[in-house]
Amino acid sequence: MEINIDQTRWWQRIYAAFIFFTRLPLWRWYEPPKECYRSVVEHWPLTGWLTGGVMALVLYFGNMLFPWPVTVLLAILARVILTGALHEDGLADFCDGFGGGGNDRERILTIMKDSHIGTYGVIGLILYFAMLYTCLSLMMPKTAALVVFAGDAYSKLLAGQIIMFLPYARTEATSKAHNVYRKFSVKAGISLFLQGILPLCLLLYITRYDLNLHWDLLVFIPCIVMYFLYYMMHRKIRGYTGDCCGALALLIELAFYLTVITLL
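Another point: the overall build of the protein. Along the backbone of the protein there are 11 helices and 0 strands. On C-alpha atoms alone, the protein measures out to a radius of gyration of 18 Å, which is about the 18 Å that the 2.2 N^0.38 rule sets for 264 residues. Reported as C-alpha extents along the three principal axes, the dimensions of the protein are approximately 55 × 45 × 35 Å. Here the protein, with 264 residues, has 52% of them falling under the buried criterion. Of all intrachain contacts in the protein linking residues separated by at least 6 positions in sequence, the fraction that spans at least 24 positions is 76%. Per element, the accessible surface of the protein, about 12,900 Å² overall, is 68% carbon and sulfur. The average position of the 21 basic charges and that of the 18 acidic charges among the side chains of the protein differ by 3 Å.

Right, let's talk about helix H6 (residues 119–137) for a bit. Taking 1.5 Å of rise per residue, the 19 residues of H6 would be expected to cover 27 Å, and the 27 Å separating its terminal C-alpha atoms lies within 8% of that figure. Of all the positions in H6, only Gly121, Gly124, Leu125, Tyr128, Leu132, Cys135 and Leu136 are classed as buried. Projected down its long axis, H6 carries its buried residues within an arc of 110°, all on one side. Of the exposed residues in H6, those oriented more than 90 degrees away from the buried face are Thr119 and Ile126.

Attention now goes to the state of the cysteines. Note: disulfide means a covalent bond formed between the sulfur atoms of two cysteine side chains. Inspection of the entire model under this criterion finds 0 disulfides. The thiol of cysteine 36 is not disulfide-bonded; the next cysteine sulfur, from cysteine 245, is found 19 Å away. Not part of a disulfide, cysteine 95 finds its nearest cysteine sulfur in cysteine 244, a span of 11 Å.

A separate point is the packing of aromatic side chains. Across all of its chains, the model carries 15 aromatic pairs by this definition. Aromatic pair tyrosine 60 and phenylalanine 61: ring centres 5.1 Å apart, planes at 90°, arrangement edge-to-face. For tyrosine 60, a relative accessible area of 39% gives the class partly exposed. Phenylalanine 61 gets classed as partly exposed once you look at its relative accessible area, which sits at 45%. Taken together, the ring pairs connect Phe20, Phe21, Trp44 and Tyr181 into an aromatic cluster.

Here we take up the environment of arginine 238. Structurally, arginine 238 can be placed in the loop between helix H10 (215–236) and helix H11 (242–263). Spatially, the C-alpha atom of arginine 238 lies 26 Å from that of glycine 196, the residues being 42 residues apart in sequence. Among all residues touching arginine 238, those that are not within four sequence positions of it are Arg105, Pro167 and Met233.

Take the environment of alanine 144 next. Within the element layout of this structure, alanine 144 appears in helix H7 (residues 141–160). Overall, the relative accessible area of 0% leaves alanine 144 in the buried class. Sequence separation between alanine 144 and aspartate 96 is 48 residues; the distance between their C-alpha atoms is 30 Å. Once you skip the residues sitting within four places of it in the chain, alanine 144 turns out to touch Leu59, Trp68, Leu136 and Met139.

Backbone geometry places alanine 85, a non-glycine residue, at a positive phi of 55°. Mapped onto the elements, alanine 85 comes out in the loop between helix H3 (68–83) and helix H4 (86–100). On the basis of relative accessible area, alanine 85 is assigned to the partly exposed category, the value being 23%. In this model, arginine 238 sits at a positive phi of 55°, which is unusual for a non-glycine residue.

This paragraph deals with the nonpolar core. Counting residues in hydrophobic clusters, the biggest one holds 74 residues, and the most contacted among them are Val40, Phe98, Ile162, Leu203, Met233, Tyr240 and Phe256. In terms of residue count, the dominant contributor to this core is H11 (12 residues). Excluding residues that lie within four positions of it along the chain, isoleucine 162 makes contacts with Met226, Tyr230, Met233, Tyr240, Cys245 and Leu248.

Position of threonine 241 among the secondary structure elements: in the loop between H10 and H11. If we ignore the near neighbours within four places in the chain, the residues touching threonine 241 are Leu109, Met112, Tyr168, Ala169 and Arg170.

Further remarks concern the packing of helix H9 (residues 186–206) against H10. As a packed pair, H9 and H10 sit with axes 11 Å apart at the nearest point and diverge in direction by 150°. One element, H9, and the other, H10, form an angle in the roughly antiparallel class. Between H9 and H10 lies a crossing whose hand is right-handed. Packed against H9, whose contacting residues are Leu200, Leu203 and Leu204, the element H10 presents Trp215, Leu218 and Val219 at the interface. For the contact of H9 with H10, the class distribution of residues is 6 nonpolar, no polar and no charged.

Parameters and conventions
- Residues numbered from 1 in each chain as written.
- Predicted model: local features only at pLDDT ≥ 70, side-chain atom pairs only at ≥ 80, totals over all residues.
- Heavy atoms only, no water.
- Helix = DSSP H or I, 4+ residues; strand = E, 2+ residues; numbered from the N terminus.
- Rg over C-alpha atoms; globule rule 2.2 N^0.38 Å.
- Buried < 20%, exposed > 50% of the residue type's maximum accessible area, 1.4 Å probe, protein only.
- Contact = heavy atoms within 4.5 Å.
- Areas by Shrake-Rupley, 256 points an atom, 1.4 Å probe, with all protein chains shown as cover.
- Lys, Arg positive; Asp, Glu negative; His and termini not counted.
- Charge placed at Lys NZ, Arg CZ, Asp CG, Glu CD.
- Expected span 1.5 Å × (residues − 1).
- Arc of directions from axis to C-beta.
- Disulfide = S-S within 2.5 Å.
- Phe/Tyr/Trp six-rings, centres within 6.5 Å; stacked < 30°, edge-to-face > 60°.
- Core = buried A, V, L, I, M, F, W, Y, C linked by side-chain atoms within 4.5 Å.
- Axes fitted to C-alpha atoms, helices over the stretch in contact; angles between N-to-C directions.
- Parallel < 35°, antiparallel > 145°, perpendicular 65-115°, else oblique.
- Left-handed = near helix turned anticlockwise from the far one by under 90°.
- Nonpolar A, V, L, I, M, F, W, Y, C, P; charged D, E, K, R; others polar.

Put into structure tokens, the structure is as follows:
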């Protein structure tokens, strides 16, 4: 018997989000109803509290044991292991599809679904990790920890909006995860906003006297990046895919970090 998603409990949907967006073996203890996975984006920033929090802890405490450049690499590695490179895989496919597919919608979608990585994907990942490493290396350990915790959640808040602006570009049967996300309800939208904005408020509050971080730039520059990527997806494939969501999250997060080091 199929279960309507509204019949599931809130903790089941959150549990499903952590199973979906991380590689923690939570499924060994409990497997939520399949319908719960349609709402995982509604709790995406909450999983960012975990992934960003792990990076923040490595950045803050790792510097007590290792040189700062090594600590930054370990922090990046920690998140890649925790998520199973889920979003990085999406970024590589996104670069391959939009880089090599031209303006042919079906070709772009076909390339993105191919499990092999191409030239654009390799270059995209190299540039992304190089810029991420450089941004974090230019910050002090305490600042980097706070910025990562805020940036991870806030970028997922913005990236999650894509499912409200565009339809899914494929059918559920042909999607990689065989899962299509549902649109947000008002309650889910408020919850998503709070999950993504609270870590940013924490960053601005703690650094209000120490750093020159303008909240308006931190908020709106990632929004501009989000709009540019939305426009590109709308024009080329008239929709979004799971790979697009992963690429959005990483590129918006990178824009957040670039804004921070510019302000610093």
